[in-house]
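A structural walkthrough
Below, each chain spelled out in residue letters.
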Amino acid sequence: MTGATDSDGDAAEEVRRPSVATVARDRRVWLILAVVAGLLVCCCSAVVGTLIALSSGLLAA
């Protein structure tokens, strides 16, 4: 198996994955998590509200 080489033909350094601490410092990660959490809260509250309305007979068919 041949190793990875760069444009000069020398062996390229192995690409290391960033640690969890490094990723957690990135503001984009926190923004994505905040958006996902907001959507989850909105969807869950809508479902709970609908179930309460159905159980109390407000949305009787």
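Since this is a predicted model, take the numbers as computed values, not measurements.

**Some thoughts on the overall build of the protein**
When you go through the protein residue by residue, the secondary structure sums to 2 helices and 0 strands. Here the protein holds 61 residues, and 2% of them are scored as buried. Here the protein displays about 5900 Å² of accessible surface, and carbon together with sulfur accounts for 66% of that area.

**So, the UniProt feature "transmembrane region" (unreviewed entry) in the protein**
Per the UniProt annotation, the sites labelled "transmembrane region" (unreviewed entry) are residues 29-54. Secondary structure across residues 29-54 divides into 100% helix and 0% strand, with the first and last C-alpha atoms of the span separated by 38 Å.

**A look at the state of the cysteines**
Taken as a whole and assessed by the stated rule, the structure comprises 0 disulfides. Cysteine C43 remains unbridged, with the sulfur of C42 as its closest cysteine sulfur at 6.8 Å. There is no disulfide at C44, and the cysteine sulfur nearest it, in C43, is 6.9 Å away.

What counts as what
Residues numbered from 1 in each chain as written. Predicted model: local features only at pLDDT ≥ 70, side-chain atom pairs only at ≥ 80, totals over all residues. Heavy atoms only, no water. Helix = DSSP H or I, 4+ residues; strand = E, 2+ residues; numbered from the N terminus. Buried < 20%, exposed > 50% of the residue type's maximum accessible area, 1.4 Å probe, protein only. Areas by Shrake-Rupley, 256 points an atom, 1.4 Å probe, with all protein chains shown as cover. UniProt positions renumbered as here; feature names shortened; annotations may be inferred. Disulfide = S-S within 2.5 Å.

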